[in-house]
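The primary structure of each chain is shown beneath.
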Amino acid sequence: MSQPADTLVFADGLEGTTAPAFVLKRINRHGLVTGATGTGKTVTLQTLAENMARAGIPVFVTDVKGDLSGIALPKAAGLVSPPCLFWDLAGKSGHPVRITVSEFGPVLMGELLDLSEAQRGVLELCFKVADDSGLLLIDFKDLRAMLQYLADNAKEISATYGLVSTASVAAIQRSLLSLENEGADTFFGEPAIELQDLMRTTPDGKGYISVLHAAELMQKPKLYGCFLLWLLSELFEQMPEAGDLPVPKLVVFFDEAHLMFDTAPKALVEKVGQVMRLIRSKGIGVYYVTQNPADIPEDIQGQLGNRVQHALRAFTPQEQKKVKAAAESLRPNPAFDTYSVIGTLGVGEALVSVMDAAGAPTVVERVKVRLPDSRLGPLQSYERQQMMVTSLVAGKYETALDRVSAYETLQQKKAAQESQSATAPQSSPWGRPQTPAPSAPRTPAPKAEKPAGKPGRPKDTIVDTMVKTTVRSVSSTIGRQIGQQILRGLLGSMTRKK
């Protein structure tokens, strides 16, 4: 069946009905694909991604179960699969994905490290001092060095920026060590991924599909969730306003989306909701794939206009409530009872309601999702490696860079201070370097006869007392002035760095 140029047909209607088709300019109104395990969500995701790429939309998908890589090759002779790029946070099953610590920011870093409120405050202060001092935070090595600098100079920094708790610094360092032991430190560094590489198209107008290998990330749900939140916020910050384009700039599919929200604090969820409301005007569509609509916060659910609902099973009263809520989120069809149908859908069947050309949801229809033209299941290792070697970004991200950043700068500063301290001459009370006088040959002095009377040193005259008192007073005054000048110079230099 041919499809209109401005729509995307991915399913066939059942019982003589016509399946709703995605309107291309409404794809940026976001979407939701839900259903119990084994009901066909992954096939739906693959079919949607393949058809969107064919329509000229770059697509980013997370391959959590490791079975989406087959999208890169056709399942049979005569069929064409979309062009693909493979990515991997660990750099093993795809081109490495790295971002700098500065780009990740203190909010997501605090969430990733699971810090307390006080520790998050110290971490934010660490980023602030680094920014004001012109120190680059690229990898964990830089962050560790910056935290150590805070601890070593806690008194001076606290006077300008607020209290630096060395106990909090130590706790953050321990959390960093734990994350490093899990291998998460390889995610932070350079060269950092460029978002434009996720938004590539072919010369004939087909969109590339970027597949992020995330099977290992399932063991690190915090890192997976924080990365997805970072990607969403980065797209929002970098992309210019575009409005409702004939074809979106990018569509992002987040599989196992509940991992983004299970442990995220309320403030972070609210921020995602805000981004979701605004990012569609930049030509970006976001689609969540999860088992139940209840996995997605209600505020975000309300912004997901395109919905594909696979079967849900309800064996308990609590599950029945969730099925009822899922049914009520779809525009009713007078031809059937949505709540009753959800539990009877077969594998590959779904209830679909999408945004029409006028921006209103269509009535829900029961459909059979079409199979993709690409291969179902994962690629062989050699097939994946061959595609990585011949990809457009081959060699661009493979070699890690380690340019001069906070770690190197602070090490150089420390070495210079130690060298200066070791060679600096001692100062006299008058503020000038004291040069030792050349030693003269010592001649034994003749023994003076003790004067008669009380033994001990000669008693000072009135003139002697006045002279010594004057000398001590002048010396003390000059010493205090020198100390104040040093202190003002130190605080002044810190203020100038702000």
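Our subject is the structure that appears above.
Cut-off values and rules
- Residues numbered from 1 in each chain as written.
- Predicted model: local features only at pLDDT ≥ 70, side-chain atom pairs only at ≥ 80, totals over all residues.
- Heavy atoms only, no water.
- Phe/Tyr/Trp six-rings, centres within 6.5 Å; stacked < 30°, edge-to-face > 60°.
- Helix = DSSP H or I, 4+ residues; strand = E, 2+ residues; numbered from the N terminus.
- Buried < 20%, exposed > 50% of the residue type's maximum accessible area, 1.4 Å probe, protein only.
- Lys NZ or Arg CZ within 6 Å of the ring centre and 35° of its normal.
- Axes fitted to C-alpha atoms, helices over the stretch in contact; angles between N-to-C directions.
- Parallel < 35°, antiparallel > 145°, perpendicular 65-115°, else oblique.
- Contact = heavy atoms within 4.5 Å.
- Nonpolar A, V, L, I, M, F, W, Y, C, P; charged D, E, K, R; others polar.

So, on to the packing of aromatic side chains. The full count for this structure, using the stated rule, is 12 aromatic pairs. Centre to centre, the rings of Phe 104 and Phe 188 are 5.2 Å apart; their planes meet at 80°, and the pair counts as edge-to-face. Here the residue Phe 104 occupies a position in helix H2 (residues 101-112), and Phe 188 occupies one in the loop between helix H6 (166-181) and strand S8 (209-213), the gap between them amounting to 84 residues. In this pair, the class of Phe 104 matches that of Phe 188, namely buried. An aromatic cluster is built from Phe 104, Phe 140, Phe 187, Phe 188, Phe 227 and Trp 230, whose rings are joined through pairwise contacts. One cation-aromatic arrangement involves Lys 282 over Phe 236; the distance from NZ or CZ to the ring centre is 4.4 Å. Positioned above the aromatic ring of Phe 86 is the side chain of Arg 384, whose terminal nitrogen or guanidinium carbon lies 5.0 Å from the ring centre.

Our focus in this paragraph is the packing of helix H4 (residues 140-152) against helix H14 (residues 406-423). H14 packs onto H4 with a crossing angle of 40° between their chain directions and a minimal axis gap of 7 Å. As summarised for this structure, H4 and H14 are arranged oblique, according to the angle between their axes. Only Ala 406, Tyr 407, Glu 408, Leu 410 and Lys 413 of H14 make contact with H4, whose side of the interface consists of Lys 141, Asp 142, Ala 145, Met 146 and Tyr 149. A class-by-class count of the residues in the contact of H4 with H14 yields six nonpolar, no polar and four charged.

Take the packing of H2 against helix H3 (residues 117-133) next. Two elements in contact, H2 and H3, have axes whose closest approach is 9 Å; the angle formed by their N-to-C orientations is 170°. When the interaxial angle is binned, H2 and H3 end up roughly antiparallel. Residues Val 101, Ser 102, Gly 105, Pro 106, Val 107, Met 109, Gly 110 and Glu 111 of H2 touch H3, and the partners they reach there are Arg 120, Leu 123, Glu 124 and Phe 127. Broken down by class, the residue content of the contact of H2 with H3 amounts to six nonpolar, three polar and three charged.

Further remarks concern unusual backbone geometry. Along the chain, Glu 190 connects to Pro 191 via a cis peptide bond; the corresponding omega equals 0°. Within the element layout of this structure, Pro 191 appears in the loop between H6 and S8. You will see that His 30, though not glycine, has its phi angle at about 70°, which is positive. Along the polypeptide, His 30 turns up in the loop between strand S3 (22-23) and strand S4 (31-34). For His 30, a relative accessible area of 0% translates into the label buried. A positive phi angle is found at Glu 256, which is not glycine, with a value near 50°. On the secondary structure map, Glu 256 appears in the loop between strand S9 (250-255) and helix H8 (258-261). Glu 256 sits in the buried class, given a relative accessible area of 15%.

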